Amino acid sequence: MLMRTWFLKQKILVEKNKVLSENVVFSRTRTSLVGKRKIKRFCRIIMTKQEKAEGEHMRKVYRLIRQLGMTSKYKGYYYVAEAVMMSMELQDYPIKITKDIYPHLAKKFKSTPVNIEHDIRTVINVCWTANKETMDRIAGYPLRYRPTNSEFVDMLAYYLIQTELDAENAIEDAKKNLTACQNPIDVFEKISELQNPM
């Protein structure tokens, strides 16, 4: 009974935070579990809008890597995704892949920088042999040789940033082109189609 009371108090606190702070995202789930497991499950569903946006970015990175023919059976799949995310976050600063990215990934994944570099190179080789045409499209020009690790990470990061900017511009242009006399349901459907093309 004591644990249930504590859980209900925490639930009320979180719901108050939801009202007071716009960063807290709260969604209810089943509460059929008892004791500590119930509390852990409840705490996992609380995340900030920033964390939710980062998760969406990570899904886009994984989708792009999969389009290149890579699967998650390679360790480098996760390393490339994290490297691309770091490159996107630090796009305004000069980044050295050997000094900035490899040591961070090695620490995060409990590996060595040399292993990280080798696994990313393996991913690039697989992508190069499997889908060279897709790599050319992502690069924006025909590639004559296999890209280096830093070129590959930069190429993916730049492509993702550009596609996001293009999508935002397309949505803004569509909003400008829509007139007030159109049916509001049609307007909503057009905007939602532009936001979610797949």
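Description of the structure in this document. (Residues numbered from 1 in each chain as written. Predicted model: local features only at pLDDT ≥ 70, side-chain atom pairs only at ≥ 80, totals over all residues. Heavy atoms only, no water.)

Broken down by element type, the chain carries nine helices and two strands. If you list the helices and strands of the chain from N to C, you get α-β-α-β-α-α-α-α-α-α-α. In the chain, buried positions account for 30% of the 198 residues. Considering only contacts in the chain between residues 6 or more positions apart, those separated by 24 or more positions represent 53%. Element-wise, carbon and sulfur atoms account for 55% of the exposed surface of the chain, whose accessible area totals about 13900 Å². (Helix = DSSP H or I, 4+ residues; strand = E, 2+ residues; numbered from the N terminus. Buried < 20%, exposed > 50% of the residue type's maximum accessible area, 1.4 Å probe, protein only. Contact = heavy atoms within 4.5 Å. Areas by Shrake-Rupley, 256 points an atom, 1.4 Å probe, with all protein chains shown as cover.)

This part covers the environment of glutamate 133. With respect to the helices and strands, glutamate 133 occurs in helix α7 (residues 132-139). Of the residues examined, glutamate 133 reaches a relative accessible area of 60% and is grouped as exposed. Sequence separation of glutamate 133 and leucine 143 is 10 residues, and the distance between their C-alpha atoms is 9.0 Å.

All right, on to the side chain of glutamate 82 then. Topologically, glutamate 82 is positioned in helix α4 (residues 75-89). Given the relative accessible area of 15%, glutamate 82 is considered buried. Ignoring any residue separated from it by four or fewer positions in sequence, one finds glutamate 82 in contact with Met58, Leu105, Lys108 and Phe109.

To continue, consider the packing of aromatic side chains. According to the stated counting rule, one finds four aromatic pairs in the structure shown. Measuring from centroid to centroid gives 5.1 Å for tyrosine 62 and tyrosine 77, while their planes differ by 10°, and the two rings are stacked. On the criterion of sequence distance, the pair formed by tyrosine 62 in helix α3 (residues 49-67) and tyrosine 77 in helix α4 is long-range, its members being 15 residues apart. Judged by relative accessible area, tyrosine 77 falls into the buried class, the value being 3%. Here the aromatic residues Tyr62, Tyr77 and Tyr78 are joined through ring pairs into a cluster of three or more. (Phe/Tyr/Trp six-rings, centres within 6.5 Å; stacked < 30°, edge-to-face > 60°.)

Inspection of every chain in the model, using the stated rule, returns three salt bridges. Linking arginine 121 and glutamate 117 is a salt bridge whose minimum nitrogen-to-oxygen distance equals 2.3 Å. A residue pair is termed a helical-turn pair when its members lie 3 or 4 positions apart in one helix, as arginine 121 and glutamate 117 do in helix α6 (residues 113-130) at four residues. Residue class for glutamate 117 comes out partly exposed when judged on its relative accessible area of 23%. Two residues, aspartate 136 and lysine 132, come together in a salt bridge whose shortest N-O distance is 3.2 Å. In this pair, aspartate 136 and lysine 132 are both assigned in helix α7, four residues apart and thus about one turn of the helix distant. (Salt bridge = Lys/Arg side-chain N within 4 Å of Asp/Glu carboxyl O.)

With that settled, the discussion passes to α7. Residues Thr134, Met135, Asp136, Ile138 and Ala139 constitute the buried set of α7. Of the residues flanking the end of α7, it is glycine 140, one or two places downstream, whose phi is positive at about 90°.

Turning our attention to α4. When the terminal C-alpha atoms of α4 are compared, their 22 Å separation across 15 residues agrees well with the 21 Å that a helix rising 1.5 Å per residue should span. Within α4, 12 of the 15 residues are buried, which leaves the element mostly enclosed by the surrounding structure. Within α4 the residues assigned to the buried category are Gly76, Tyr77, Tyr79, Val80, Ala81, Glu82, Ala83, Val84, Met85, Met86, Ser87 and Met88. (Expected span 1.5 Å × (residues − 1).)

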